[in-house]
Amino acid sequence: MDYSGDAVPLAELLDERRHLLDVACRMVGTGSAAEGIVDETYRRWYALSDTARAEVATPLSWLATTTGDICLARLGGPAGPGRGESAGPETWRAAFSHNDAFGKAPGAITDTTGRTAPEGVAFAGGAGRARRWLWTWRSRPGTPTRHDALACAVREACAAEDATLLASLLCPDATAVFDGGGKVRALVRPVHGSEQVARSLLTLLARRPRTTLGAQSVNGRTGLVVRCDHQVAAVISLDIAGDRVRRIWVVLNPDKLRLWNRSPAP
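So, here's what we can say about the structure. What you are looking at is a predicted structure, and each value in this text was computed from that prediction instead of being measured. (Residues numbered from 1 in each chain as written. Predicted model: local features only at pLDDT ≥ 70, side-chain atom pairs only at ≥ 80, totals over all residues. Heavy atoms only, no water.)

1. Quick notes on the overall build of the protein
For clarity, the cut-off: Segments assigned H or I by DSSP are reported as helices when at least four residues long, segments assigned E as strands when at least two residues long, and all are numbered from the N terminus. Relative accessible area decides the class of each residue, using a 1.4 Å probe on protein chains only: under 20% of the type maximum gives buried, over 50% gives exposed, and in between gives partly exposed. Here, residues are in contact when the closest pair of their heavy atoms is within 4.5 Å. For every accessible area listed, the method is Shrake-Rupley and the probe measures 1.4 Å; residues are considered covered only by the protein chains on display.
Scanning the protein from N- to C-terminus turns up ten helices and six strands. Buried residues in the protein amount to 46% of all 266 residues. Partitioning the contacts of the protein with sequence separation of at least 6, the portion at a separation of at least 24 is 62%. Split by element, the accessible area of the protein, about 13,000 Å² in all, is 53% carbon and sulfur.

2. Remarks on the pairing of strand β3 (residues 211-218)
How we decide: Here, a strand pair is defined by DSSP locating no fewer than two bridges between the strands.
Looking at chain direction, β3 and strand β4 (residues 221-228) are connected through eight bridges and run antiparallel. Residue Ala-215 lies in a different strand from β4, and its bridge partner there is Leu-224. Between the antiparallel neighbours β3 and β4 lie two residues, among them Asn-219 with a positive phi of about 55°.

3. Section: the nonpolar core
The condition that has to hold: We call a set of buried residues a nonpolar core when its members are Ala, Val, Leu, Ile, Met, Phe, Trp, Tyr or Cys and they connect through side-chain atoms within 4.5 Å of each other.
Among the nonpolar cores identified, the biggest contains 42 residues, and Leu-10, Phe-178, Ile-236, Ile-248, Val-250 and Leu-252 are the most heavily contacted of them. Elements that contribute at least two residues to this core include exactly α1 (10-28), α7 (143-160), α8 (163-168), β1 (170-179), α9 (194-204), β4, β5 (231-241) and β6 (244-251). Looking at which element gives the most residues to this core, the answer is α7, with six residues. By size, the runner-up hydrophobic cluster in this structure holds 17 residues, among which are Ala-34, Val-38, Trp-45 and Leu-63.

4. Quick notes on the environment of Arg-44
One can find Arg-44 in helix α2 (residues 31-47). Sequence-wise, Arg-44 and Thr-66 are 22 residues apart; in three dimensions their C-alpha atoms are separated by 8.3 Å. Arg-44 has contacts with Trp-62, Thr-66 and Ile-70, leaving out every residue within four places of it along the chain.

5. Notes on the pattern of salt bridges
To keep it simple, the criterion reads: Basic side-chain nitrogens of Lys or Arg form a salt bridge, by our definition, when they fall within 4 Å of a carboxyl oxygen of Asp or Glu.
Using the criterion set out here, one finds 19 salt bridges in the structure. Asp-50 is paired through a salt bridge with Arg-189; the nearest N and O atoms lie 2.8 Å apart. With Asp-50 in helix α3 (residues 50-54) and Arg-189 in the loop between β1 and β2 (191-192), this pair connects stretches of sequence that are 139 residues apart. For Asp-50, a relative accessible area of 28% translates into the label partly exposed.

6. Quick word on the packing of aromatic side chains
Stated formally: A pair of Phe, Tyr and Trp rings is counted when the ring centres sit within 6.5 Å of each other, with Trp represented by its six-membered ring. The angle between the planes then sorts it: under 30 degrees is stacked, over 60 is edge-to-face, the rest tilted.
Under the definition given, this model contains one aromatic pair. Taken together, a centroid distance of 5.4 Å and an interplanar angle of 65° make the contact between Trp-45 and Trp-62 edge-to-face. One end of the pair, Trp-45, is in helix α2; the other, Trp-62, is in helix α4 (residues 59-74), with 17 residues separating them in the sequence. Residue Trp-62 is classed as partly exposed on the basis of its relative accessible area, which comes to 24%.

7. Brief notes about the side chain of Asn-253
Residue placement: Asn-253 occurs in the loop between β6 and α10 (258-261). Note on Asn-253: relative accessible area 7%, which makes it buried. Once you skip the residues sitting within four places of it in the chain, Asn-253 turns out to touch Asp-179, Gly-180, Gly-181 and Lys-183.

8. Some words on the packing of α2 against α4
Any two packed helices are characterised by how steeply their axes cross, that is the angle between the axes, and by the distance between the axes. Heads up, the condition is: Lines fitted to C-alpha atoms define the axes, with helix axes restricted to the stretch in contact, and inter-axis angles between N-to-C directions lie between 0 and 180 degrees. Comment on the angle field: the value is read as roughly parallel under 35 degrees, roughly antiparallel over 145, roughly perpendicular from 65 to 115, and oblique elsewhere. Crossings are sorted by hand: turned counterclockwise from the far helix by less than a right angle, the near helix makes the crossing left-handed, and turned clockwise it makes it right-handed. Amino acids are sorted into nonpolar (Ala, Val, Leu, Ile, Met, Phe, Trp, Tyr, Cys and Pro), charged (Asp, Glu, Lys and Arg) and polar (every other residue, Gly among them).
Their axes nearest at 9 Å, the elements α2 and α4 cross at an angle of 125°. In terms of axis orientation, α2 runs oblique to α4. Handedness of the crossing formed by α2 with α4: right-handed. Contacts from Ala-33, Gly-36, Ile-37, Glu-40, Thr-41, Tyr-42, Arg-44 and Trp-45 in α2 reach Pro-59, Trp-62, Leu-63, Thr-66, Thr-67, Ile-70, Cys-71 and Arg-74 in α4. Within the contact of α2 with α4, the residues separate by chemical class into nine nonpolar, four polar and three charged.

9. As for α4
To keep it simple, the criterion reads: A helix is expected to span 1.5 Å multiplied by its residue count minus one.
With 16 residues, α4 ought to run about 22 Å at 1.5 Å a step, and its terminal C-alpha atoms sit 23 Å apart, in line with that. Those residues of α4 lying buried are Pro-59, Leu-60, Ser-61, Leu-63, Ala-64, Thr-66, Thr-67, Gly-68, Ile-70, Cys-71 and Leu-72.

10. A closer look at the environment of Arg-26
With respect to the helices, strands and loops of the structure, Arg-26 is situated in helix α1. The partly exposed category is assigned to Arg-26, whose relative accessible area is 27%. Separated by 45 residues in the primary sequence, Arg-26 and Cys-71 place their C-alpha atoms 9.8 Å from one another.

11. Regarding the side chain of Asp-39
With respect to the helices and strands, Asp-39 occurs in helix α2. Owing to a relative accessible area of 12%, Asp-39 belongs among the buried residues under this scheme. Contacts of Asp-39, omitting those with residues within four sequence positions, involve Arg-17 and Lys-183.

Structure (structure tokens):
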């Protein structure tokens, strides 16, 4: 089964998680509790079988409903223990917030991520620049230099949204792993094959306003860093074999990205 078709644009994943946090915050009132509730929501999502997840027509609606139900259960509201007359004002406030947020959920995300207008996108690049990087990579000796040039060629191919060029930079049996840590709706299985990897990576990196893709040092070697609203949203490491990329590791787990988003010491 080809799981690359289940890839979701990064901007959509981020907006989805923000929305769920907003739902939880409005219902339970604290950021730390909301984080735990949203984490539990994603745990329940990944506890579903592949077939059950595939049958969910609108994942956001499922996730928002689950988040609300977890909040109500923890507050002892109608969706959990203590329903009925024992529910206090805070519980009914939470129930109202749940219904209000759930009603707005589909539109909130669609309006944010469904647009493809190019204005404000710093994903600049093109196939011509990618091919120039490719020429540099092939013409210069030395493993570190070749790695850097190939990483930049991958970056330009992604920026140009050129699936054919990107696939040509990958080994035929290339593998991509998407580490969401169970905290965002990332692909759950590795993707194999140059064309499938290229397709899933380009879907993840689909152009959105306020999103940038840059090449910089990742674990001592040039990799790719994606920023949304000036916050690091994904870090991509490349493992090169010979003259092509053999493995791609995409870190999407918010916990693992905290160090990247930590403010520098004065």
